[in-house]
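Descriptive structure summary
Here's the letter readout for the chains.
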Amino acid sequence: MEFYFQIDNNGSQQAGIGNWNSNSHDLQLCFGVKDFLLIAPQSASGVLLDSPESSKLLSSVAIALSNCASLWPAFVPVHDPSRKAYIGIQNMGTVFTRRFEADRINSQVPVKLMHLEGLYELFVSKFVYSGVDFSMHNFKVHFMMRLTYQTFPYEEDEENDMDELMGDKTDTAEHYGSESRNKLHWDDDCPWSEWYSAEDPLRGFELVVTCADKTVENTLEMAELENASPHEAEKWILHPILSPYLGDPSHGNRIDFSSQLLCVVEALDMSFTAQFMEDFVSGENPGSENLKTSVVIPPPTVLDRVIKDLFHEGSKLPDFTKGEHRLSRALKAAPLESLFTQFCLHSLWFGNCNIRAIASLWIEFVREVRWCWEESQPLPKMPVDGSIDLSTCLIYQKLHLLAICIEKKREMNEEFLDCIGSEDSSDASVSVEEHQKVDKRRNTSSEADLQRKRDSSIAEDTSNRLRFERKTESTNSVNQSPTHAIRRGSAGPAGTMMLLKSHQRLHAPFTQDPPLMTEDMHEERLQAVEAFGDSLNVPGQLEKDILLSDMSAFKAANPDAVFEDFIRWHSPGDWDSSEPEAAEPSGGSITEGSKDKWPPRGRLSQRMSDQGNLWRKSWNDAPALPADDQKPLLDPNREGEKILHYLETVRPHQLLEQMVCTAFRGSADTLNQTNFGDMKQMTSKLEQLYLITKSTLGALQRNNLPDRAETIKDLRRLCVVFEHVEKLVTVAASLHRKFLDASRLAQVIFSDFYGIYVPLMGINSNDEENKSRTEMEVGRQEVTPRERQVVSNLFSPPSANQSWRKVLSMGNLLNGHEPILREIIFSTGDDVNNGIHYAAAADVAATSDRRREEIETHRMYVSGTSNDLRVALSVTSCD
């Protein structure tokens, strides 16, 4: 025996009956009661199969309740459990008694009872003599109806089912844009669709349409109600149906960024077992035998597709700020659209991201990079100018410098060929065809020969320079006396400074830019400086070359200059001046009065005056050459080969550490491109993801991992956090796409989901082995009239296969969708002022649904579809 009672939202026990409360018990809705007793046997079926026994039990309970002055109704389940049949009784005082009966038809519903006219006549037949023609008489009946619609489940039979994805995940990344993917998926225009297709987190929608209460009098009115549009209903309630995977913390049954990032973390853990990447492929590594049996390398065709996508798909330089969050640069990785990031993202889907697959892809990647170098072909997805960004990972810095070296190498080759072509064009006897053949033959000569010829041409004949020479200019002295020296490479006068010996204006030269250096090159330079200690001795060859270059350019721009003039311009701190030189307006002419200020007063500092000073020795050795005629400070051939050597011999764990950082940033930046509207919770959660990622990946930016096992464990936890944020992003994106013109609905639904899901994030993140599934369900949202059309569009017209039952349609169609459940309440009342002498007025009022002067004599609840029908009838009598 169980007692049920109903409580409204305010905690009161006086909840309404006819308000379609979705939290009501099934019997409360069927019979319109609030508090009731349910008596059922403790058997396997839970029902009484014997009718006399059930009637006897119910009578006994009714007598017991009457003896204790209780007005609770009592119910007993009968017949077969699938029929959901009940009988019941309620003592309403000493005058009235209510009897209840409910039953269900599971199949073969009569066509007449599929329509409102037939159901109306069924109810009227319960209180009208059977011989009455219903069509000729009017019977006032109170009518309420609630319709439930549900979208068809979104297609799940994609081209690659889950088994195929788990068997060969490499195809997932390669299917985008291919012929095999001829279906439109919900996320085709989402940023992650380039790498994988996510399951729609919203499996569908359930729409509950409640019609306004009406009083009908005949079957014609019922026919009109059946043909009425759901848009005319009083209230719409929308209930999103979430995918079960949202409550599943397991990585094994889903393909997304978080699952693949976990794979690359496992590859990092394995990378410490070998010295070179080739060891994982060649089989020389001691642990490679175990790898061969557990992981596989994708076939060459897949490898070729990846390499083609990386190196041969388009030559346009991408936007390196695309998808970049304001915290992206805090992660020491590479920009999203760069070559190395694209390599890392491809690696996530290449052979399930195992260490052998990564090794084979890296070897082929480096081989392709070397081909670009040897053939002087631009390195795709890499800038060919600018400075080296030291906030990025080392491999990206190396590739950036290599791209610059390739560009400089191409310029040198083109200038050399132009020079050779200009010499050959002076010979009129050479035909155009022969001239082209000579150019072609010389273009195919070896790089060493090209460099040798270039250097010799500079040394032997200055008239045939290989580089563009800036326009030379002749300058006059201050007193307009002519000078026989030719000034070259001047950037203009340096203020009012004068040369010490020649009484001429001191000119600032054009100098070579300092050579570009990567992070490890800077570290080597600092180590050298620390080792020598005295910066005056110019310990590194690089510093010597820069100093000689500046001195040569200064001599070319100031032919009559002496060592002291260079010090005054280059290192003013090493020139002790007894009186500061007067400053004149920029560009102003030198007047006669300025002769009194020449020669400038002052002397060299102590360190510059020492015997054997390297600066003075370098000055004496430096030739007078403008920057354009000098040997470049950056030797592209030498630097390019050094970079390739680094890429070919990088330690596996160093490569994987940079890959992990770049893969996390690339995945986060990809998700950051998602358009999810004005959902502030999502913006905040993405920002938290970047901060957590920065904190966790900080250990990988050190030379040696302090605690490898602990670091790997932290990275696995980070994958779980990434999984939660990724799910939130997909939910936000799906809602935003479906409610573009009803942003309020999208935001309230997401806020509801966010409030349910976020507390689970901490639970699942603390224990990575938590595999329990949590059922996710969000609340129901009321749809405003302005939003109804947007919601209606979610119910796309059914296809021919989906609407094969439309001949049995129940009416009230919504875009061709018939209700999956139609609930109707018929009721009629009678005047209770006659004959009530013993029942309490309060008790009578409690049984009245509408007006205190009436009592509900007949009530019938009908629910079902064209395939099943359930009817619950309650009758009040004066037995």
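Since this is a predicted model, take the numbers as computed values, not measurements. (Residues numbered from 1 in each chain as written. Predicted model: local features only at pLDDT ≥ 70, side-chain atom pairs only at ≥ 80, totals over all residues. Heavy atoms only, no water.)

Attention shifts here to the overall build of the protein chain. In terms of regular secondary structure, the protein chain is built from 27 helices and 17 strands. Evaluated residue by residue, the protein chain yields a buried proportion of 49% over its 879 residues. Considering only contacts within the protein chain whose residues lie at least 6 apart along the sequence, 74% involve residues at least 24 apart. Accessible area of the protein chain: about 43300 Å², with a carbon and sulfur share of 50%. (Helix = DSSP H or I, 4+ residues; strand = E, 2+ residues; numbered from the N terminus. Buried < 20%, exposed > 50% of the residue type's maximum accessible area, 1.4 Å probe, protein only. Contact = heavy atoms within 4.5 Å. Areas by Shrake-Rupley, 256 points an atom, 1.4 Å probe, with all protein chains shown as cover.)

Contact geometry of helix α12 (residues 355-374) with helix α21 (residues 636-649) gives a least axis separation of 10 Å together with a crossing angle of 170°. Relative to α21, α12 is oriented roughly antiparallel. Residues Trp-362, Val-366, Val-369, Arg-370 and Trp-373 of α12 form the contact with α21, whose participating residues are Pro-636, Asn-637, Gly-640, Glu-641, Leu-644, Leu-647 and Glu-648. Of the residues assigned to the contact of α12 with α21, the class counts are seven nonpolar, two polar and three charged. (Axes fitted to C-alpha atoms, helices over the stretch in contact; angles between N-to-C directions. Parallel < 35°, antiparallel > 145°, perpendicular 65-115°, else oblique. Nonpolar A, V, L, I, M, F, W, Y, C, P; charged D, E, K, R; others polar.)

In a regular helix each residue adds 1.5 Å, so 31 residues correspond to 45 Å; helix α24 (residues 708-738) covers 45 Å between its end C-alpha atoms and thus fits that length. For α24, the buried fraction is high: 23 of the 31 residues fall into the buried class. (Expected span 1.5 Å × (residues − 1).)

With that settled, consider the environment of Ile-712. Relative to the elements of secondary structure, Ile-712 occurs in helix α24. Taking relative accessible area as the criterion, Ile-712 reaches 2% and is therefore assigned buried. The contacts of Ile-712, once residues within four sequence positions are left out, are Val-265, Leu-268 and Asp-269.

Packed helices, taken two at a time, are described by the angle between their axes plus the distance between the axes. Where helix α7 (residues 257-270) meets helix α22 (residues 652-672), the axes come as close as 9 Å, and the angle between the chain directions of the two elements is 170°. The pairing of α7 with α22 is recorded here as roughly antiparallel in orientation. Facing Phe-257, Leu-261, Val-264, Val-265, Ala-267 and Leu-268 of α7, the residues of α22 in contact are His-653, Leu-656, Glu-657, Val-660, Ala-663, Phe-664, Ser-667, Thr-670 and Leu-671. A breakdown of the residues in the contact of α7 with α22 according to their chemical character gives eleven nonpolar, three polar and one charged.

Averaged over the protein chain, the pLDDT score is 78; the fraction of residues at 70 or greater is 74%. The model gives residues 764-770 a pLDDT under 50, and that stretch makes 13 contacts with residues more than four places away or in other chains. (pLDDT = per-residue confidence, 0-100.)

This part covers the nonpolar core. Phe-340, Trp-362, Leu-379 and Phe-739 are the most contacted members of the largest nonpolar core, which totals 154 residues. Among the elements that line this core, the one with the most residues is α24, at 13 residues. Setting aside chain neighbours within four positions, we find Leu-379 in contact with Phe-311, Leu-339, Val-369, Cys-372, Leu-399, Leu-402, Ala-403 and Ile-406. One finds Leu-547, Ala-561, Val-562 and Ala-622 within the second-largest nonpolar core, a separate group that totals 20 residues. (Core = buried A, V, L, I, M, F, W, Y, C linked by side-chain atoms within 4.5 Å.)

So, about the environment of His-231. Within the secondary structure layout, His-231 lies in the loop between α6 (219-226) and β9 (235-242). Take His-231: its relative accessible area is 31%, and that puts it in the partly exposed class. Placed 22 residues apart in sequence, His-231 and Val-209 show a C-alpha to C-alpha distance of 8.7 Å. Residues within four places of His-231 in sequence aside, it is in contact with Trp-236, Arg-788, Gln-789, Ser-792 and Leu-814.

On to a nonpolar patch on the surface. A contiguous nonpolar patch, built from Phe-3, Phe-5, Ile-7 and Trp-72 and spanning about 370 Å² of accessible area, is present on the exposed surface. Its location among the elements puts Phe-3 in strand β1 (residues 2-4). For Phe-3, a relative accessible area of 34% puts it in the partly exposed group. (Patch = residues over 30% accessible without salt bridge, like charges linked within 9 Å, V, L, I, M, F, W, Y side chains within 5 Å. Salt bridge = Lys/Arg side-chain N within 4 Å of Asp/Glu carboxyl O.)

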